[in-house]
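Next come the chains, spelled out residue by residue.
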Amino acid sequence: MVPVQEIHAGAAVEFHTFFERHHAELSRLACMLIGEPDDADDLAADALVAVWDRWDRVRGSDHPLAYARGIVANMARTRIRAAVRERRRVALFWSNRSEEVEAPDVAAVLDVRTALARLPFRKRACVVLRHALDLSEKDTALALGISVGTVKSQTSKGMAELQRLLGPRVVGELAGGRHR
């Protein structure tokens, strides 16, 4: 029988290897989803803490990286929703001011991060996972906990919205990666 300390040490080594191999990718994913480079590392670290808390189950699964990506996506969604609620509170606070809508800032629309931030979360997540991380439709579906068909439709709709915002040349460059 193997002592408990050796089992825990083995799990810790496995997790450390997983962390070293995937932290940078999870951080990039977080950055693309929330659009805040400074907060992306924190979000990725928080996600990896959650993975470590469930490591006994995660390491035995068929797709531990997909599980970690799903946690990053869920945490990003939660963070975005909290930010939206905060913006609404601020808007209510300042609601006494006139609410004139300004024309969109064309220079900001040309920035890919700004355009991505304008997409609804699921479309943004599908576009980022498919085109920025070059994941297959199946891997994207696993990471987000949705069907492959949903990945296809949300990616297509997201790319169409980006094309509308950025123009076909920029979107063509974004989609230039090979997909599995």
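What counts and what doesn't
- Residues numbered from 1 in each chain as written.
- Predicted model: local features only at pLDDT ≥ 70, side-chain atom pairs only at ≥ 80, totals over all residues.
- Heavy atoms only, no water.
- Helix = DSSP H or I, 4+ residues; strand = E, 2+ residues; numbered from the N terminus.
- Buried < 20%, exposed > 50% of the residue type's maximum accessible area, 1.4 Å probe, protein only.
- Areas by Shrake-Rupley, 256 points an atom, 1.4 Å probe, with all protein chains shown as cover.
- Salt bridge = Lys/Arg side-chain N within 4 Å of Asp/Glu carboxyl O.
- Phe/Tyr/Trp six-rings, centres within 6.5 Å; stacked < 30°, edge-to-face > 60°.
- Axes fitted to C-alpha atoms, helices over the stretch in contact; angles between N-to-C directions.
- Parallel < 35°, antiparallel > 145°, perpendicular 65-115°, else oblique.
- Contact = heavy atoms within 4.5 Å.
- Nonpolar A, V, L, I, M, F, W, Y, C, P; charged D, E, K, R; others polar.
- Expected span 1.5 Å × (residues − 1).
- Arc of directions from axis to C-beta.

(A) The arrangement of the overall build of the protein in detail. Along its length, the protein carries ten helices and zero strands. If you list the helices and strands of the protein from N to C, you get α-α-α-α-α-α-α-α-α-α. Within the protein, the proportion of its 180 residues that are buried is 37%. Counting every atom, the protein has about 11,200 Å² of accessible surface; 53% of that belongs to carbon and sulfur.

(B) Looking closely at the pattern of salt bridges. All chains considered together, the criterion is met by five salt bridges. Measuring nitrogen to oxygen at the nearest pair gives 3.9 Å for the salt bridge that ties D46 to R79. Residue D46 is located in helix α2 (residues 37-53), and its partner R79 is located in helix α4 (residues 64-93); the two are separated by 33 residues in the primary sequence. Residue class for D46 comes out partly exposed when judged on its relative accessible area of 40%. We note a salt bridge from E137 to R130, for which the minimum N-O separation is 3.9 Å.

(C) The arrangement of the packing of aromatic side chains in detail. Within this structure, the stated rule accounts for five aromatic pairs. When the centroid spacing of 6.4 Å and the interplanar angle of 50° are considered together, the rings of F15 and F19 count as tilted. On the criterion of helical spacing, the pair formed by F15 and F19 is a turn pair, its members being four residues apart in helix α1 (residues 4-34). For F15, a relative accessible area of 11% gives the class buried. Relative to W55, the ring of F18 has its centre 5.3 Å away and its plane inclined at 55°; by these criteria the two rings are tilted. Linking F18 in helix α1 with W55 in helix α3 (residues 55-58), this pair joins segments that are 37 residues apart in sequence. Judged by its relative accessible area of 5%, W55 falls in the buried class. One aromatic cluster in this structure is built from F15, F18, F19, W52 and W55.

(D) Layout of the environment of V49. Residue placement: V49 occurs in helix α2. By relative accessible area, which is 49% here, V49 ends up partly exposed.

(E) Highlighting the packing of helix α8 (residues 137-144) against helix α9 (residues 148-166). Viewed as axis vectors pointing N to C, α8 and α9 meet at an angle of 100°, and their least axial separation amounts to 8 Å. Between α8 and α9, the interaxial angle falls into the category roughly perpendicular. Each of E137, K138, T140 and A141 in α8 lies in contact with α9, whose residues at this interface are V148, V151 and K152. For the contact of α8 with α9, a count of residues per class yields three nonpolar, one polar and three charged.

(F) Spotlight on α9. With 19 residues, α9 extends 26 Å from end C-alpha to end C-alpha; this agrees with the ideal 27 Å at 1.5 Å per step. Of the residues making up α9, those classed as buried are V151, Q154, T155, G158, M159, E161, L162, L165 and L166. Along the long axis of α9, the arc covered by the buried residues comes to 165°, so they all point the same way. Positive phi appears at G167, one or two residues downstream of α9, with a value of about 100°.

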